[in-house]
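# Structure at a glance
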Amino acid sequence: MAKDNSPTMVMVEDVMLEIMSYCPASEMAKLRQLNKEYNRRSYELSFIKRQLDRTNSFFGYIFHYRDQKFRSRSSFVSAFNGEEKIPISLAFLPPRHNNVAIKACDTHHGILLCVDDNVYKGGRRIPDYIVCKPATKQYRIIPNPKTRWFTVATGLMVVSSNPFRYKIIRVSDTNAKVSKNGVDSLSCEVYDSVSDAWKRLPNMETDEFFPGDVKPVSAYGCLHWLTENNNVMRFCMRTETWSIFPVPNELVGDSCLMLVSYEGKLGVIHSRWGEGSDIWVLEKSFATSWVRLEDAKVKALGGDDIFKAQPIWFPSNDSVSRSSSSSLGLYNMNNDIYSYLYRMQDFYHMYCPAMKYFVPFHSNYERVCLNRDGE
């Protein structure tokens, strides 16, 4: 059926989008399912700016780095040039936790999992696991998982807004090989804020490798990691089960791939410095076939530092964040305009460039319940 572009239909869409712009993020997912056009237009940057302003929300990036003494530090970078600086930091944590590392983030709810590895109890170093919402300066030290094994992957997801509930997945290497086929045996633990406890899942036996400390991509109620073999490891928070599927056939064997979130869907892009990028997405939850988006492409940029900037996040369907070793910027795919958000060449004395990353961060200022008892 042909798309109806009549003035009446356009006016109805504009009115509906105006109403949606006053809705909090927790309600947007339901409204986006009403109509494909509502869904598409609600991911445009102009709408997102309007909705953030009307719901007292903000988004940007937490710049996490190591200083000269290799202490963990972080600062917030707004996604909009000229916007008043938003005082988001981890300075509200107790002084004894002034060296925490960000290990996981729910990008859409502003919730972080931080780990302090410099805590000693009974003469032993036993890290503290801290869940916090920086916008409201709330935090809670949760029970420890079984930390005797080396962590290879961590993820956090808010699974319910009302009542507020979140889960954390931790994968660790047991250093054991399954003798039958020689694959690795990975330990999997899940923390549920409702039970306030970690649950051990069956070990995962796999020959896939998680690529260092890469943060997972959230879509369809699942967390996704791209493995070194160009397969996608998917963990479903509802069923607490794993599944695996390959990247698009055109990208098999490519060493420069990246998982992204695009219009709430899981996407994958080819991302090599100085080259343009195409986008493939999974149109449905638990699908394994990819669709190439013909009308969404990230062009290569020319000139100095911009030339090296790689896509890292799609805050909207018409813009993409790009990061290099010395800057962070926002690229508008409609007009090919690149605007700097943060330039780091003047801050090399503050951090170790090899140990830094940006965490996409979207939050409001509403307090949430981080404790099981409702406080």
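Cut-offs and rules
- Residues numbered from 1 in each chain as written.
- Predicted model: local features only at pLDDT ≥ 70, side-chain atom pairs only at ≥ 80, totals over all residues.
- Heavy atoms only, no water.
- Helix = DSSP H or I, 4+ residues; strand = E, 2+ residues; numbered from the N terminus.
- Buried < 20%, exposed > 50% of the residue type's maximum accessible area, 1.4 Å probe, protein only.
- Contact = heavy atoms within 4.5 Å.
- Pairing = 2+ DSSP bridges.
- Axes fitted to C-alpha atoms, helices over the stretch in contact; angles between N-to-C directions.
- Polar contact = N/O pair within 3.5 Å; in protein donor to acceptor, adjacent residues only side chain to side chain.
- pLDDT = per-residue confidence, 0-100.
- Arc of directions from axis to C-beta.
- Salt bridge = Lys/Arg side-chain N within 4 Å of Asp/Glu carboxyl O.

As annotated in an unreviewed UniProt entry, the chain carries the name F-box associated beta-propeller type 1 domain-containing protein and is attributed to Capsella rubella.

### Section: the environment of Met-16
Mapped onto the elements, Met-16 comes out in helix α1 (residues 7-20). Overall, Met-16 belongs to the buried group, its relative accessible area being 17%. For the pair formed by Met-16 and Leu-31, sequence separation is 15 residues and the distance between their alpha carbons is 9.6 Å. Setting aside residues up to four positions removed in sequence, Met-16 forms contacts with Leu-31, Leu-34 and Tyr-38.

### Regarding the environment of Thr-55
Relative to the helices and strands, Thr-55 resides in the loop between α4 (45-54) and β1 (57-66). Separated by 32 residues in the primary sequence, Thr-55 and Cys-23 place their C-alpha atoms 6.9 Å from one another. When sequence neighbours within four positions are dropped, the list of residues in contact with Thr-55 reads Ser-21, Tyr-22, Cys-23 and Pro-24.

### Things to note about the sheet that holds strand β21 (residues 310-316)
Taken in spatial order, the four strands of this open sheet run β21-β22-β23-β24, and their pairing is antiparallel. Looking at the sheet topology across the chains shown, the edges are occupied by β21 and β24 (337-343). In this sheet, adjacent strand axes meet at a mean angle of 25 degrees when their direction is disregarded. Across four bridges, β21 lies against strand β22 (residues 319-323) in antiparallel orientation. Paired with Gln-310 across the bridge in β22 is Ser-323.

### Some remarks on the side chain of Asp-196
Mapped onto the elements of the fold, Asp-196 is located in the loop between β11 (184-192) and β12 (197-206). For Asp-196, the side chain forms a polar contact with the side chain of Arg-140, separated by 2.9 Å.

### Quick look at the confidence of the model for the chain
Considering every residue of the chain, the mean pLDDT works out to 81; 81% of them sit at 70 or more. Within the model, pLDDT remains below 50 along residues 346-354, and this stretch shows 17 contacts once partners closer than five positions in the same chain are excluded.

### As for α4
Given 3.6 residues per turn, any residue in an α-helix points the same way as the ones three and four places further on. If you check which residues of α4 are buried, you get Leu-45, Phe-47, Ile-48, Gln-51 and Leu-52. Viewed along the axis of α4, the buried residues span an arc of 155 degrees, placing them on a single side of the element. Of the residues one or two after α4, Asn-56 is the one with positive phi, at around 55 degrees.

### Some points on the pattern of salt bridges
Inspection of the entire model under this criterion finds twelve salt bridges. In this structure, Glu-240 engages Lys-167 in a salt bridge whose closest nitrogen and oxygen atoms are separated by 3.0 Å. Of the two residues, Glu-240 sits in the loop between β15 (231-236) and β16 (241-246) while Lys-167 sits in strand β10 (residues 164-177), which places them 73 residues apart along the sequence. Side by side, Glu-240 and Lys-167 carry an identical accessibility label, which is buried. For Glu-189, the salt bridge goes to Arg-170, with nearest N and O atoms at 2.7 Å. You can see Glu-189 sitting in strand β11 and its partner Arg-170 sitting in strand β10, a full 19 residues away along the chain. Accessibility assignment for this pair places Glu-189 and Arg-170 in one class, buried. One salt-bridge network, in which partners are shared between bridges, spans Glu-18, Arg-50 and Arg-54.

### Quick look at the environment of Trp-280
With respect to the helices, strands and loops of the structure, Trp-280 is situated in strand β19 (residues 277-281). Classification of Trp-280 by relative accessible area gives buried; the value is 4%. Considering only alpha carbons, one finds Trp-280 and Val-247, 33 residues apart in sequence, at a separation of 9.0 Å. When sequence neighbours within four positions are dropped, the list of residues in contact with Trp-280 reads Pro-248, Glu-250, Leu-251, Leu-266, Gly-267, Val-268, Trp-290, Val-291 and Arg-292.

### Comments concerning unusual backbone geometry
Here Asn-162 and Pro-163 are connected by a cis peptide whose omega angle stands at 0 degrees. Of note, Pro-163 is situated in the loop between β9 (150-161) and β10. With phi around 55 degrees, Asp-196 is a residue other than glycine that occupies positive phi space. Backbone geometry places Glu-263, a non-glycine residue, at a positive phi of 50 degrees. Position of Glu-263 among the secondary structure elements: in the loop between β17 (257-262) and β18 (265-270).

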